[in-house]
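Structural description and commentary
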Protein chains: 2
Amino acid sequence: MVNALERLVDCFSRLPTIGRKSAWRLALHLMERPEEEVAELALAIGTIKKLVHLCPECFSYTEGERCDICVDGRRDRSVVCVVEKPTDVFTIERAGRYRGVYHVLGGVLSPIDGVTPDRLRIEELGQRLDKGEIRELILGLGGSADAETTELYLARVFGPRQLRITRFARGLPAGTELDYIDQLTLTQALQERIEVRTGRDEGAH
Amino acid sequence: MVNALERLVDCFSRLPTIGRKSAWRLALHLMERPEEEVAELALAIGTIKKLVHLCPECFSYTEGERCDICVDGRRDRSVVCVVEKPTDVFTIERAGRYRGVYHVLGGVLSPIDGVTPDRLRIEELGQRLDKGEIRELILGLGGSADAETTELYLARVFGPRQLRITRFARGLPAGTELDYIDQLTLTQALQERIEVRTGRDEGAH
């Protein structure tokens, strides 16, 4: 009925997790907001692809030539955490404890979906390793079957190099009761169990 | 870390039902979409407040001077459905059976929230009634307590006029089992029960 509104609703509906009903709600919400606020949203969306691009070194998002992490002299450039997508970098950074750098693969291997090794940034990772600065690769691709396959693949490809290759520990998420843990996680938590050091043990080491 | 992305996430987070996590998801989704699609969304948002305004007659949204319904000669201008907000017009139009016109009040009475009669378009409704063309007001404000209060208020204000005042029937929603109906709805459905005409009855009328 009102073309501009329906066009906006169509655009909103195309976004993930936003159905037609939510799209209408968002559109009508904007109609009730001040002009400046709506203009700010439009500008933020309209400029995002021009302002943000992939860091040529780690392939995370950046506004500058290289990303904040790659140019940060305080980061340990000898440790590289390999992740699937740029969001993963933000997720790990929010935890605030990792001091190395990153390499965004751009996906995980999935032959069914046509994601073969040449579709991921594995060659680029090899080129970074060639420079000889990197001592450890931390494989942080997640717990899915495809992610594990990809980690095994990377371990096989880069295994022959003079390099420590690790992956994230599998186990119980913090603050969860055993009742809510699936069996695979529980099995992995058991297999990867670590020694509890008591005061006496520590004295002995 | 990436200012443009964080700015976009901030903007998305301000929208209703979109939390910070969804906002990140939307922002990163846009990064992966073609430039044209993102530009289209930005344009649709950026122009919405300029293109769409309130119809000066019924106060629904319109791009033209008056809205499609008010200018449509086939609509029955003697029947006016009073609704709370512009979305309600779209909702009733989607059902496709109503042939009258509308009046958007702009809210319902709610003294606690400072919504007094002068904050609603009640005076404007009076001016429309003054023209003498309107025979029936259908109060379609919904089933909330504030909506019912507003309907009673309107019935009292416009009651003295030569006018039929009706409201939407209360009762069972289509396709629902009794198990899922709340007691108030059930009570109303019982109070507002209507005669079932059998073939024999109809013959008698």
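Residues numbered from 1 in each chain as written. Chains lettered and ligands numbered in written order. Predicted model: local features only at pLDDT ≥ 70, side-chain atom pairs only at ≥ 80, totals over all residues. Heavy atoms only, no water.

**Re helix α8 (residues 183–191) of chain B**
Residues and elements named next belong to chain B. For α8, every residue scored as buried is listed here: T185, Q188 and A189. Looking straight down α8, one finds that the buried residues subtend no more than 100° of arc, so they occupy a single side. Exposed and facing more than 90 degrees away from the buried side of α8 are Q183, L184, L190 and Q191. Where α8 begins, the side chain of D182 points an oxygen toward the backbone nitrogen of L184, at a separation of 3.3 Å. (Buried < 20%, exposed > 50% of the residue type's maximum accessible area, 1.4 Å probe, protein only. Helix = DSSP H or I, 4+ residues; strand = E, 2+ residues; numbered from the N terminus. Arc of directions from axis to C-beta. Polar contact = N/O pair within 3.5 Å; in protein donor to acceptor, adjacent residues only side chain to side chain.)

**With respect to the side chain of S110 of chain B**
All names here are of chain B. Relative to the helices and strands, S110 is located in the loop between β4 (100–104) and α6 (122–130). Overall, S110 belongs to the buried group, its relative accessible area being 6%. Look past the residues within four positions of S110 in its chain and what remains in contact with it is V115 and D146. (Contact = heavy atoms within 4.5 Å.)

**As for the interface of chain B and chain A**
How large an interface is tends to be reported as the accessible area lost when its parts come together. Tallying the contact residues gives 47 residues for chain B and 47 residues for chain A. Our enumeration of links across chain B and chain A arrives at four salt bridges. Note that E40 of chain A and R14 of chain B form a salt bridge whose closest N and O atoms lie 3.4 Å from each other. Across the contact surface, chain B and chain A share 12 residue pairs in polar contact (both at pLDDT 80 or more). For the side of chain B that touches chain A, the elements supplying multiple residues, two or more each, are α1 (3–13), α2 (20–31), α3 (35–51), β2 (61–62), α4 (68–71) and α5 (86–95) of chain B. Residue contributions to the side of chain B that touches chain A peak at 13 residues, all from α3 of chain B. (Salt bridge = Lys/Arg side-chain N within 4 Å of Asp/Glu carboxyl O.)

**Let's talk about the nonpolar core**
Judged by nonpolar contacts, the single largest core of 48 residues is most densely connected at L5, F12 and I45 of chain A together with L5, F12 and I45 of chain B. Every element with two or more residues in this core is listed here: α1 (3–13), α2 (20–32) and α3 (35–51) of chain A together with α1, α2 and α3 of chain B. Apart from the residues lying within four places of it in its own chain, the contact partners of I45 of chain A are L8, F12, L30, V38, L41, A42 and I45 of chain B. Counting residues in each nonpolar core, the second largest holds 34 residues, with C67, Y98, V101 and I134 of chain B among its members. (Core = buried A, V, L, I, M, F, W, Y, C linked by side-chain atoms within 4.5 Å.)

**What about the sheet that holds strand β6 (residues 164–167) of chain A?**
All names here are of chain A. Pairing is parallel in the open sheet, where four strands are placed in the order β4-β3-β5-β6. The open sheet terminates on both sides in strands that have one partner only, identified here as β4 (100–104) and β6. Across the sheet, the mean angle from the axis of one strand to that of its neighbour is 25°, orientation sign disregarded. (Pairing = 2+ DSSP bridges. Axes fitted to C-alpha atoms, helices over the stretch in contact; angles between N-to-C directions.)

**Quick notes on the relation of the copies chain B and chain A**
Taken as rigid bodies, chain B and chain A are interconverted by a rotation of 180° and an axial shift of 0.0 Å, the fit giving an RMSD of 0.1 Å. The transformation relating the two chain copies, once decomposed into turn and shift, fits a two-fold axis. If distances are taken from each C-alpha of chain B to the rotation axis, the shortest is found for A42 of chain B, at 2.2 Å. Same-surface contact between copies: 100% of interface residues of chain B are shared with the interface of chain A. (Least-squares fit on C-alpha atoms with pLDDT ≥ 70 in both.)

**Re the packing of aromatic side chains**
A complete count under the given rule lists four aromatic pairs over all chains for this structure. Judged by centre distance (4.8 Å) and plane angle (35°), the rings of W24 of chain A and F90 of chain B are tilted. With W24 of chain A in helix α2 and F90 of chain B in helix α5, this residue pair bridges two chains. Residue W24 of chain A is classed as buried on the basis of its relative accessible area of 10%. F90 of chain B sits in the buried class, given a relative accessible area of 5%. (Phe/Tyr/Trp six-rings, centres within 6.5 Å; stacked < 30°, edge-to-face > 60°.)

**Observations concerning the environment of D72 of chain A**
Residue and element names in this part refer to chain A. Secondary-structure assignment places D72 in the loop between α4 (68–71) and β3 (76–83). For D72 and V101, which are 29 residues apart along the polypeptide, the C-alpha to C-alpha distance reads 9.3 Å. Of note is the side chain of D72, whose polar atom sits 2.9 Å from the backbone nitrogen of R74.

**Regarding the pattern of salt bridges**
For the structure on display, the rule yields 32 salt bridges over all chains. Among the ionic pairs, E93 of chain B bridges to R75 of chain B, the shortest N-O distance being 2.8 Å. Of this pair, E93 of chain B sits in helix α5 while R75 of chain B sits in the loop between α4 and β3 (76–83), and the two are 18 residues apart along the sequence. The residue R170 of chain B makes a salt bridge to E151 of chain B at a minimum N-O spacing of 3.2 Å. Placement of the pair is R170 of chain B in the loop between β6 (164–167) and α8 and E151 of chain B in helix α7 (residues 145–158), with a sequence separation of 19 residues. When sorted by exposure, R170 of chain B lands in the same class as E151 of chain B, which is buried. In this structure, a network of salt bridges that share partners links the residues E57, R66, R77 and E133 of chain A.

**A closer look at α1 of chain A**
Taken residue by residue, α1 of chain A has A4, L5, L8, V9, C11 and F12 of chain A as its buried positions. Taken around the axis of α1 of chain A, the buried residues stretch over an arc of 160°, which confines them to a single face. Buried positions along α1 of chain A lie against α2 of chain A together with α3, β2 and α5 of chain B.

**Considering the packing of α6 of chain B against α7 of chain B**
Helix-helix packing: each pair is described by the crossing angle between the helix axes and the interaxial distance. Residue and element names in this part refer to chain B. The contact between α6 and α7 brings their axes to 12 Å, and the two run at 40°. With respect to their mutual orientation, α6 and α7 come out oblique. By crossing handedness, the relation of α6 to α7 is classed as right-handed. Here I122, L125, G126 and L129 of α6 come into contact with α7, specifically with Y153, L154 and F158. Its residues assigned to classes, the contact of α6 with α7 comprises six nonpolar, one polar and no charged. (Parallel < 35°, antiparallel > 145°, perpendicular 65-115°, else oblique. Left-handed = near helix turned anticlockwise from the far one by under 90°. Nonpolar A, V, L, I, M, F, W, Y, C, P; charged D, E, K, R; others polar.)

**Some words on the confidence of the model for chain A**
Regions with low pLDDT should not have their predicted coordinates read in detail. Residues with a pLDDT of 70 or more make up 95% of chain A, whose mean pLDDT is 89. With a pTM of 0.69, the predicted complex shows an ipTM of 0.70. (pLDDT = per-residue confidence, 0-100.)

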